Amino acid sequence: RDAIQRFTEKNPKSLAQHRTASAVLPGGNTRTVLYHEPFPMALSGGEGCYVTSLDGVRYLDGLGEYTAGLFGHSDPVIRAAIDTALDGGLVLGGHTRPEAGLAALLCDRFPAMDLVRFTNSGTEANLLAVGLARTLTGRSKVMVTSGGYHGSMMLFAAPNPLNVPFPYVFMTYNDLDSAKATAAEAGDDLACILVEPMMGSGGCIAGDPDFLRGLRDLADRTGALLIFDEVMTSRLSPGGLQLTHGITPDLMTIGKYIGGGLTFGGFGGRGDLMRRFDPAAPDALLHAGTFNNNTLTMSAGLAAMSQVYTPDVIAAHNARGDRLRDRLNAICSDAGAAFQFTGIGSMMTAHPTAAPIRTYSDTLSADPRLRALFFFDMVDSGVWLARRGMINLSLPMGDAEHDRIAEAVESFVTLRAPLL
Ligand code: PLP
């Protein structure tokens with residue numbers, strides 16, 4: 001209660017803004033994930049890896065826009081690409097070279113991707129990938145993970161009446177036996193297995209290599225297609241987590257950071273599957289979307305991926321993330337705190353428990369009040385992060401910023417030691 005009180009006192013303009021916005025936006029915003037008690041903090045701007053609240057406080061941006069903010073807020077290369085694209089005109093309504101350039105780069109980088117199609121969001125990408133799998137296999141069922149997240153209309157952490165009503169069957173993450181049992185029940189009606197190679201929203205829970213490899217075998221044995229949702233995880237190695245594990249899915253989806261900070265999504269995979277979207281094919285599938293190839297995203301994404309997030313930078317950025325997470329976990333264990341950070345590379349989530357976290361249900365055993373306290377204490381220390389405790393490191397963060405995160409975590413585990 002004290003932490004919420006302090007947050008309220010420090011953010012009077014955010015409170016006023018929340019009240020104003022709530023008159024025209026349900027709950028004062030258009031993204032449920034950004035809402036938190038007592039009211040969400042409103043931002044006035046960002047620069048590098050910092051954001052400024054409406055109340056004029058500068059925070060280290062540890063949220064990194066749920067992985068889409070990888071490049072920070074003012075990368076000069078991306079800005080220049082956007083400026084150039086602006087000079088060339090908006091809403092062109094035709095194919096452009098940057099569209100093909102970005103597609104070529106992505107097909108080169110991700111082993112699964114022979115052909116790609118762009119969308120406006122990761123949600124849309126997943127809906128299309130699943131739709132393609134169901135169409136091509138002539139089967140109906142879609143295996144997903146309990147607690148998984150593939151977009152606002154494919155959310156499995158809680159009952160969601162707005163989910164697109166595919167006939168879902170559920171497995172438990174990192175439990176191959178549960179996946180096999182579910183596949184057996186679905187019989188020859190299993191169209192696809194849709195899985196994140198690391199659960200992101202579910203709590204940065206890494207997939208065991210054996211589990212992911214087992215899903216590949218299961219798909220092969222049952223004739224279902226394996227779809228990796230790499231909307232978040234594709235940033236974790238030069239070829240996504242599929243490259244890290246040496247497992248090639250039939251289809252994959254992407255989104256978030258790949259648009260250089262602009263709206264983006266995409267899906268792709270095996271050429272023989274994706275070719276159905278060729279309009280000249282005899283039985284072509286229609287895939288439209290006014291802004292799929294919008295010039296700003298295509299140009300920003302191409303510059304970001306070809307000039308900024310190059311394979312060397314990807315490896316170095318994620319190695320630094322691994323070192324920071326190890327450091328944070330050492331701080332927790334040295335303090336004797338039942339607190340841990342899970343994740344891979346530049347993505348991590350704090351969990352107020354010392355018990356191993358391998359499935360989504362493991363995250364539910366942690367006290368939600370401690371999760372809330374961690375969020376408010378970190379914000380009070382000047383580190384902005386996801387309400388659920390997720391931190392995504394951005395490229396502009398230097399050692400000083402990593403130190404700042406470590407210091408904030410250290411002061412949290414010290415101050416709250418009796419509770420942890
Ligand atoms: N898939 C995963 C794994 C995600 O984390 C998200 C968003 O958080 C999505 C899909 C949906 O992407 P978007 O928000 O662009 O629709």
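The shown structure was predicted, so the numbers you read here are calculated from the model rather than taken from an experiment.

Visitor: Could you give me a rundown of the overall build of the protein, with the residues and numbers involved?
Guide: When its secondary structure is counted, the protein shows 14 helices and 16 strands. The dimensions of the protein, computed from C-alpha atoms along their principal axes, are 65 × 55 × 45 Å. Taking all 420 residues of the protein together, the buried fraction comes to 48%. Across the protein, the fraction of contacts at a sequence separation of at least 24, relative to all contacts at a separation of at least 6, is 71%.

Visitor: Tell me about the domain arrangement of the protein, residues and numbers included.
Guide: By the assigned domains, the protein splits into domain 1 (2–70 + 310–419) and domain 2 (76–308). Taken over C-alpha atoms, the centre of domain 1 sits 26 Å from the centre of domain 2. Opposite the 24 residues of domain 1 that make contact, domain 2 presents 24 residues. The element that contributes the greatest number of residues to the side of domain 1 that touches domain 2 is helix 11 (residues 311–334), accounting for five residues. Class assignment of the residues belonging to the side of domain 1 that touches domain 2 gives a composition of twelve nonpolar, eleven polar and one charged.

Visitor: How would you explain the site of the ligand if you had to name every residue and give the values?
Guide: Taken together, 16 residues sit near the ligand, with Ser-121, Gly-122, Thr-123, Gly-151 and Val-231 positioned nearest. Ranked by residue count, the leading element in the shell around the ligand is helix 5 (residues 122–137), at three residues. Class assignment of the residues belonging to the shell around the ligand gives a composition of four nonpolar, ten polar and two charged.

Visitor: Outline the sheet that holds strand 13 (residues 340–344), listing residues and values.
Guide: Strand order in this open sheet of three strands is 13-14-16, and the pairing throughout is antiparallel. Looking at strand neighbours, the two that pair on one side only are strand 13 and strand 16 (390–392), the edges of this open sheet. Across the sheet, the axes of successive neighbouring strands diverge by a mean angle of 25 degrees, strand direction being ignored. In this structure, strand 13 lies alongside strand 14 (residues 347–351), joined through five bridges in antiparallel fashion. Each residue of the ladder has a partner; that of Gln-340, found in strand 14, is His-351. Its contacts with the sheet place helix 11 against strand 13 and strand 14, and it is angled at close to 165 degrees to strand 13.

Visitor: Let's hear about the packing of helix 11 against helix 14 (residues 399–415): which residues, and what values?
Guide: Packing of helix 11 against helix 14 brings their axes to within 9 Å, and their N-to-C directions diverge by 20 degrees. Between helix 11 and helix 14, the interaxial angle falls into the category roughly parallel. Both helix 11 and helix 14 take part in a crossing whose hand is right-handed. On helix 14, the residues touching Leu-324, Arg-327, Leu-328, Ile-331 and Cys-332 of helix 11 are His-402, Ile-405, Ala-406, Val-409, Glu-410 and Val-413.

Visitor: I'd like a rundown of helix 10 (residues 295–308), residues and numbers included.
Guide: Helical periodicity: at 3.6 residues per turn, an α-helix aligns residues three or four positions apart in one direction. Helix length check: helix 10 (14 residues) gives 19 Å between terminal C-alpha atoms against 20 Å at 1.5 Å per residue, within 8%. Among the 14 residues in helix 10, ten count as buried, and that is most of the element. Listing the buried residues of helix 10 in full gives Thr-295, Thr-297, Met-298, Ser-299, Ala-300, Gly-301, Leu-302, Ala-303, Ala-304 and Met-305. Buried residues in helix 10 make contact with helix 3 (76–87) and helix 4 (97–109).

Visitor: Can you lay out helix 13 (residues 368–380) for me, pointing to particular residues and giving the numbers?
Guide: Its 13 residues place the ends of helix 13 18 Å apart at the C-alpha level, agreeing with the 18 Å of an ideal helix rising 1.5 Å per residue. The set of residues buried in helix 13 consists of Leu-373, Phe-374, Phe-375, Met-378 and Val-379. Residues of helix 13 that are buried make contact with helix 1 (2–10), strand 14, strand 15 (383–384) and helix 14. Positioned one or two residues after helix 13, Gly-382 has a phi angle of 95 degrees, which is positive.

Visitor: Tell me what's going on with the packing of helix 6 (residues 176–186) against helix 7 (residues 209–222), and back it up with residues and numbers.
Guide: Between helix 6 and helix 7, the least distance of the axes is 10 Å, while the angle of their chain directions is 15 degrees. When the interaxial angle is binned, helix 6 and helix 7 end up roughly parallel. Crossing handedness for the pair helix 6 and helix 7: right-handed. Of the residues in helix 7, those touching helix 6 at Leu-176, Ala-179, Lys-180 and Ala-183 are Phe-211, Gly-214, Leu-215, Leu-218 and Thr-222. Partitioned by chemical class, the residues of the contact of helix 6 with helix 7 number six nonpolar, two polar and one charged.

Visitor: Describe unusual backbone geometry, naming the residues involved and giving the relevant values.
Guide: At the junction of Glu-37 and Pro-38, the peptide bond is cis and its omega measures out at -5 degrees in the coordinates. Among the secondary structure elements, Pro-38 is positioned in the loop between helix 2 (12–22) and strand 1 (43–47). One non-glycine residue, Asn-174, lies in the positive phi region at around 60 degrees. Following the sequence through the fold, Asn-174 ends up in the loop between strand 6 (168–171) and helix 6. Phi is positive for Cys-204, which is not a glycine, with a value near 50 degrees. Of note, Cys-204 is situated in the loop between strand 8 (198–199) and strand 9 (205–206). For Cys-204, a count of 27 C-beta atoms within 10 Å translates into the label buried.

Visitor: How would you sum up the nonpolar core? Please name residues and give values.
Guide: Among the nonpolar cores identified, the biggest contains 112 residues, and Met-143, Cys-192, Ile-193 and Ile-227 are the most heavily contacted of them. Per-element tally for this core: the top contributor is helix 5, with seven residues. The contacts of Met-143, once residues within four sequence positions are left out, are Val-169, Met-171, Ala-179, Thr-182, Ala-183, Ala-186, Leu-190, Ile-193 and Leu-194.

Reading guide: rules and limits
- Residues numbered from 1 in each chain as written.
- Predicted model: local features only at pLDDT ≥ 70, side-chain atom pairs only at ≥ 80, totals over all residues.
- Helix = DSSP H or I, 4+ residues; strand = E, 2+ residues; numbered from the N terminus.
- Buried ≥ 20, exposed ≤ 12 C-beta atoms within 10 Å, placed from the backbone.
- Contact = placed C-beta atoms within 7 Å.
- Domains from an automatic or database assignment.
- Nonpolar A, V, L, I, M, F, W, Y, C, P; charged D, E, K, R; others polar.
- Near = placed C-beta within 6 Å.
- Pairing = 2+ DSSP bridges.
- Axes fitted to C-alpha atoms, helices over the stretch in contact; angles between N-to-C directions.
- Parallel < 35°, antiparallel > 145°, perpendicular 65-115°, else oblique.
- Left-handed = near helix turned anticlockwise from the far one by under 90°.
- Expected span 1.5 Å × (residues − 1).
- Core = buried A, V, L, I, M, F, W, Y, C linked by C-beta atoms within 7 Å.

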